[in-house]
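# Analysis of the macromolecular model
One-letter residues, chain by chain:
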Amino acid sequence: MERGDMVVGVDAGATSTRVAVHALDGGRLGYGTAGGGNPSAHGAQAASAAIGAALTRALEGLDPSRVSRSVAGVAGNSLTFGAVLDKLWADHGLPLGPRLMNDVPIAYAAGSAEPSGTLLLSGTGAVAARFTAHNLDELSDGLGWLLGDAGSGFWIGRAGAKAVVHALDRGETGGLLSDLVVAHFLGDDRGPTPRREAERIVRLAMADRTTLGPLAGMVSRAAAEGDPMALEIAERAASHLAATVARVYDGGPIVLAGSVLTNEGPVRQAVQRLLEQRWEAKVAVARDGAGAAAWLAALDLLPEAAATRLHPVFTG
């Protein structure tokens, strides 16, 4: 390879960081992973360390001076974090610092090469975004766990916990979702009455809200096995997410991203059904975010037709 014929893509979220190095023909040359790289969640120093660790692994055995462009999609980034990444890139021998952007455009590019379309993301949070010519036009929701993010993993987990504690308050026990939620919080240390179990779950959830997010997987599992309480939550989550899309959708493909929607399950199935009922849009599922960031970095270096043709190679 000749000098300047590689690109780097970064996809840094709250739970994990991925860095991909690609040739301009889309071929993957290196890949590295590390812990969460969201500076809002972990602080700039810890986020920088995670991105640096993933970058080191991705560049192993490669000449960093060959990198001509980089794009870093970082959740929770700030204006000052760009300078942090510039220094990190220089410390790794890369000629230029990365173009820093939010993780939302990366998620859209991970599912579609079309310059205009809509993203629906549901992971820890939930947001919809409309893009025109790869530029973000409008957002819907993404307002955080306390007052927004309807249909997100946290929302689903909280809805599951709420449904179970209210059932326990009524003296109702049994059912897969109830069993899973009670075991998640209490293990084998069950209370003398359903009401006492509900009270303990409430105290534990209030003391640490991060205990609620993992319940989303339990809701999905229970819904897949036909639990009525879980099925109702999955349908409500899908309805919220479809409404979030409706506020920004204006044609083009719809990309589904985030752990709730990239994993096959009841929520994704319900969302796809609702979207297909309302619009005849192409619905795609996001693939590798780091590869998508590398593809965005390569856009200015490739003819338009080649960029479209190589998109699945970068994101595969």
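All values derive from a computational prediction rather than experimental measurement. (Residues numbered from 1 in each chain as written. Predicted model: local features only at pLDDT ≥ 70, side-chain atom pairs only at ≥ 80, totals over all residues. Heavy atoms only, no water.)

Our next topic: the pairing of strand S3 (residues 28–34). Where strand S2 (residues 17–23) and S3 come together, 6 bridges link them in antiparallel fashion. Paired with Thr17 across the bridge in S3 is Ala34. What sits between the antiparallel neighbours S2 and S3 is a turn of 4 residues, in which Gly26 has the positive phi angle 95 degrees. (Pairing = 2+ DSSP bridges. Helix = DSSP H or I, 4+ residues; strand = E, 2+ residues; numbered from the N terminus.)

The UniProt record annotates "domain: ATPase BadF/BadG/BcrA/BcrD type" (unreviewed entry) at residues 8–294. Secondary structure content for residues 8–294 is 46% helix and 20% strand, and the end C-alpha separation is 5 Å. (UniProt positions renumbered as here; feature names shortened; annotations may be inferred.)

Attention now moves to the sheet that holds strand S4 (residues 67–74). Reading across from one edge, S3-S2-S1-S4-S5 is the order of the 5 strands in this open sheet, with mixed pairing throughout. Either end of the sheet is taken by a strand with one partner, and the two such strands are S3 and strand S5 (99–101). For this sheet, the mean angle separating the axes of adjacent strands, direction not counted, is 10 degrees. Sheet contacts for helix H2 (residues 44–58): strand S1 (6–12), S2, S3 and S4; angle to S3, the most-contacted strand, approximately 150 degrees. (Axes fitted to C-alpha atoms, helices over the stretch in contact; angles between N-to-C directions. Contact = heavy atoms within 4.5 Å.)

It is worth spelling out the packing of aromatic side chains at this point. If you walk through the whole model with that rule in mind, you get 3 aromatic pairs. Considering the side-chain rings of Trp145 and Phe154, the 5.5 Å spacing of their centres and the 70 degrees angle between planes classify their relative orientation as edge-to-face. On the accessibility criterion, Trp145 (34% relative accessible area) is partly exposed. The buried category is assigned to Phe154, whose relative accessible area is 8%. Aromatic pair Tyr249 and Trp279: ring centres 4.5 Å apart, planes at 45 degrees, arrangement tilted. Residue Tyr249 is located in the loop between helix H9 (228–246) and strand S9 (254–257), and its partner Trp279 is located in the loop between helix H11 (266–278) and strand S10 (283–285); the two are separated by 30 residues in the primary sequence. Residue Tyr249 is classed as buried on the basis of its relative accessible area, which comes to 17%. Of the residues examined, Trp279 reaches a relative accessible area of 17% and is grouped as buried. (Phe/Tyr/Trp six-rings, centres within 6.5 Å; stacked < 30°, edge-to-face > 60°. Buried < 20%, exposed > 50% of the residue type's maximum accessible area, 1.4 Å probe, protein only.)

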